[in-house]
Amino acid sequence: MKIPKIVLLSALVSCALLSGCKDDKSSAVTIEFMHSSVEQERQAVITKLIEKFEQENPGITVKQVPVEEDAYNTKVITLARTGALPEIIEISHDYAKVMDKEHLLDRDAIGEAVKAVGEETFYDGILRVVRTEDGSAWTGVPISAWLSGVWYHKDALAAAGIEEPHNWEQLLKASQALNDPARKHYGIALPTAESVMTEQAFSQFALSGGANVFDENGNVQIDTPAMAKALAFYKNLAATTMPGSNDVMEIKDAFMNGSAPMAVYSTYILPAVFSEGNPANLGFVVPTERSSAVYGMVTSLTLTSGQTEEESLAAKKFVVWMEKAQNATDWVMMSPGAALPVNKLVVGTDTWKSNDVIQAFGQLPYELIAQFPNLQVFGAVGDKNFTRMGDVTGSGIISSMVHNVTVGKQDLSATLSSSQKRLSDLISQH
């Protein structure tokens, strides 16, 4: 499961960016494309895409800069300080907020690229997630996404006479009925570690119940009745999961080996089920309280500031080109099933329709895509998408709050109160 690390850029990054070097005697321009596909087979796909683009656009050379996801923050800081930021960067919507806060993104170029592709080309709900805080621009051009929700083994629920749970109460009752810790069988595999995954999983329930980290004015609102209700529910649900701090590996293992017939996980479970399990037996649901809230991570190709006009034009041309039906499909199909298309043109291609993974899951990929309008994330309130949410996630305060109440068995109201203070202090410093 890819969970991009949300880390904070130093304020030093916002130093003046130098323009890149190029040969003024030639019309040729070289641009750099930084991405996290360090695996050889993925780099091979990107290499073919670049070769195809260069053939269609003589005079533009695109150099790959593959960087391990864990090293992204350090790399961006270093390159920004030296004025050598790549023109194009693959980026999560969370990290894009941080870069935008530091004025490292070319909002105008991104907006022109989105307009060139066509806002209607993207599924409803996608562009909303990559809106800037003031709602006037975007932080990148979306290329793919993954979603999270409750996965379940259909046969296990059927054998227990349990129907698909559609709200909190049904989910909790189902998990309690399936829970048999004496036999090392648990109702649900649920994140409880002090990790980004725990914040993401908890956010779905909190937002569904009407709780958010900020109000419309950007004030911290952790210690509220809605947040208390969501945290109490999560605590009760966690009583039916495996003991200890559960994170990515523990949850995946428990679900795949059947010791937990339900799990909160991302679409990155699909490749594992395809290769090791029974795709027809996989169910997905988003239990809803007040509203349907799906956690998702949108990946974009973003354009950085400080480039020459020629570099900016070439970079914009490449990003728009990448959104053509076949190119966007080739990108998404580096992780079929795990990465979902955000561009409507992808599902019409033969590459998508004939893919073994997509075919194996039948209607499920389309049901997942249909959840995009329900994408909700902490820090997005109405039309506002607060950049300071990056600081909040980077602090780990939310996941610590959940961990302390579930694994640590600490008092719920006292934990909410202390978390409210910690977050208020954090925000006042930024």
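The shown structure was predicted, so the numbers you read here are calculated from the model rather than taken from an experiment.

A. A look at the overall build of the chain. Broken down by element type, the chain carries 19 helices and nine strands. Computed over C-alpha atoms, the radius of gyration of the chain comes to 22 Å, within 12% of the 22 Å expected from 2.2 N^0.38 for 430 residues, which places it in the range of a compact globule. Across the 430 residues that make up the chain, the buried fraction comes to 57%. Taking as baseline every contact in the chain between residues at least 6 positions apart, the subset at least 24 positions apart corresponds to 79%. Of the roughly 17,300 Å² of accessible surface on the chain, 49% is carried by carbon and sulfur atoms. One finds the centroid of the 34 positive side-chain charges in the chain at a distance of 2 Å from the centroid of its 51 negative side-chain charges.

B. How the structure looks around empty space enclosed by the protein. The full count for this structure, using the stated rule, is four cavities of 30 Å³ or more. Together, 13 residues line the largest cavity, and Asp-94, Glu-199, Tyr-295, Phe-378 and Thr-393 are the ones closest to its centre. The biggest single contributor to the lining of the largest cavity is helix H8 (residues 196–208), with four residues. Residues that form the lining of the largest cavity fall into these classes: six nonpolar, four polar and three charged. Those elements giving two or more residues to the lining of the second largest cavity turn out to be strand S4 (141–153) and H8. Of the residues contributing to the lining of the second largest cavity, the split by class is six nonpolar, two polar and no charged.

C. Inspection of the pairing of strand S1 (residues 29–35) at higher detail. Burial runs high along S1: five of the seven residues are buried. When S1 meets strand S2 (residues 60–66), the two strands line up parallel, connected through seven bridges. Bridging from a neighbouring strand, His-35 pairs with Pro-66 of S2. In terms of handedness, the path from S1 via helix H1 (residues 40–56) over to S2 forms a crossover that is right-handed. For S1 and strand S3 (residues 88–92), the ladder comprises two bridges, and the chain directions are parallel.

D. Main features of the side chain of Asn-246. The residue Asn-246 is located in the loop between helix H9 (225–238) and helix H10 (248–256) in this model. Among the polar contacts made by the side chain of Asn-246, one reaches the main-chain carbonyl oxygen of Met-242 at a distance of 2.9 Å. Excluding its chain neighbours within four sequence positions, the residues that come into contact with Asn-246 are Leu-190, Pro-191, Thr-192, Ala-193, Thr-198, Thr-241 and Ile-251.

E. Seen up close, the pattern of salt bridges. Counted by the stated rule, this structure contains nine salt bridges. Where Lys-101 meets Asp-391, a salt bridge forms, and the shortest distance between an N and an O atom there is 2.8 Å. Residue Lys-101 is found in helix H3 (residues 93–101), and its partner Asp-391 is found in helix H17 (residues 389–395); the two are separated by 290 residues along the sequence. For Lys-101, a relative accessible area of 32% corresponds to the partly exposed category. With its nearest N and O atoms 3.3 Å apart, the salt bridge here joins Arg-183 to Asp-180. Its relative accessible area of 26% is what places Asp-180 among the partly exposed residues. The structure contains a network of salt bridges with shared partners spanning Asp-100, Arg-107 and Asp-134.

F. Region of interest: the packing of aromatic side chains. The final tally for this structure, using the stated rule, is 16 aromatic pairs. Taken together, a centroid distance of 4.7 Å and an interplanar angle of 20 degrees make the contact between Trp-168 and Phe-233 stacked. With Trp-168 in helix H7 (residues 168–178) and Phe-233 in helix H9, the pair connects residues that are 65 residues apart, well separated along the chain. Note on Trp-168: relative accessible area 4%, which makes it buried. A relative accessible area of 8% places Phe-233 in the buried class. Both rings, one in Phe-205 and one in Tyr-234, keep their centres 5.9 Å apart while their planes meet at 65 degrees; by these two values the pair is edge-to-face. One end of the pair, Phe-205, is in helix H8; the other, Tyr-234, is in helix H9, with 29 residues separating them in the sequence. Grouping residues by exposure puts Phe-205 and Tyr-234 together as buried. Taken together, the ring pairs connect Trp-168, Phe-202, Phe-205, Phe-233, Tyr-234 and Phe-378 into an aromatic cluster. Note that Arg-388 overlies the ring of Phe-214, its terminal NZ or CZ placed 5.8 Å from the centroid.

G. Fine view of unusual backbone geometry. Phi is positive for His-103, which is not a glycine, with a value near 60 degrees. Of note, His-103 is situated in the loop between H3 and helix H4 (107–117). On the basis of relative accessibility, which here comes to 63%, the residue His-103 falls in the exposed class. Positive phi is not limited to glycine here, since Lys-184 has a value of about 60 degrees.

H. Representation of the nonpolar core within the structure. Ranked by size, the top nonpolar core spans 93 residues in total, and within it Ile-31, Ile-88, Met-99, Trp-151, Leu-282, Phe-318 and Phe-372 carry the most contacts. Counting residues in hydrophobic clusters, the runner-up holds 47 residues, among them Trp-168, Ala-206, Phe-378 and Phe-386.

I. A look at the environment of Gln-307. Here Gln-307 lies in the loop between strand S7 (295–303) and helix H12 (309–322). Between the C-alpha atom of Gln-307 and that of Gln-363, which follows or precedes it by 56 residues, the distance is 44 Å. In contact with Gln-307, not counting residues within four places along its chain, are Leu-85, Pro-86, Glu-87 and Ser-312. Within the structure, the side chain of Gln-307 is placed 3.1 Å from the backbone oxygen of Leu-85, a separation counted as a polar contact.

J. Spotlight on the pairing of strand S5 (residues 262–266). Of all five residues making up S5, five are buried, and the element is well covered by its neighbours. Alternating positions in S5 separate into two faces, Met-262, Val-264 and Ser-266 on one and Ala-263 and Tyr-265 on the other, with burial throughout. Relative to S5, S4 is paired through five bridges, and the arrangement is antiparallel. Across the sheet, Gly-149 pairs through a bridge with Tyr-265, a residue of S5.

The rules behind the values
Residues numbered from 1 in each chain as written. Predicted model: local features only at pLDDT ≥ 70, side-chain atom pairs only at ≥ 80, totals over all residues. Heavy atoms only, no water. Helix = DSSP H or I, 4+ residues; strand = E, 2+ residues; numbered from the N terminus. Rg over C-alpha atoms; globule rule 2.2 N^0.38 Å. Buried < 20%, exposed > 50% of the residue type's maximum accessible area, 1.4 Å probe, protein only. Contact = heavy atoms within 4.5 Å. Areas by Shrake-Rupley, 256 points an atom, 1.4 Å probe, with all protein chains shown as cover. Lys, Arg positive; Asp, Glu negative; His and termini not counted. Charge placed at Lys NZ, Arg CZ, Asp CG, Glu CD. 1 Å grid on protein atoms, 1.4 Å probe; cavity = no way out; pocket = protein on both sides within 12 Å on 5 of 7 lines; lining within 4 Å. Points joined across faces, edges and corners; volume = space filled by probe spheres on them. Nonpolar A, V, L, I, M, F, W, Y, C, P; charged D, E, K, R; others polar. Pairing = 2+ DSSP bridges. Right-handed = clockwise from strand over helix to strand, strands pointing away. Polar contact = N/O pair within 3.5 Å; in protein donor to acceptor, adjacent residues only side chain to side chain. Salt bridge = Lys/Arg side-chain N within 4 Å of Asp/Glu carboxyl O. Phe/Tyr/Trp six-rings, centres within 6.5 Å; stacked < 30°, edge-to-face > 60°. Lys NZ or Arg CZ within 6 Å of the ring centre and 35° of its normal. Core = buried A, V, L, I, M, F, W, Y, C linked by side-chain atoms within 4.5 Å.

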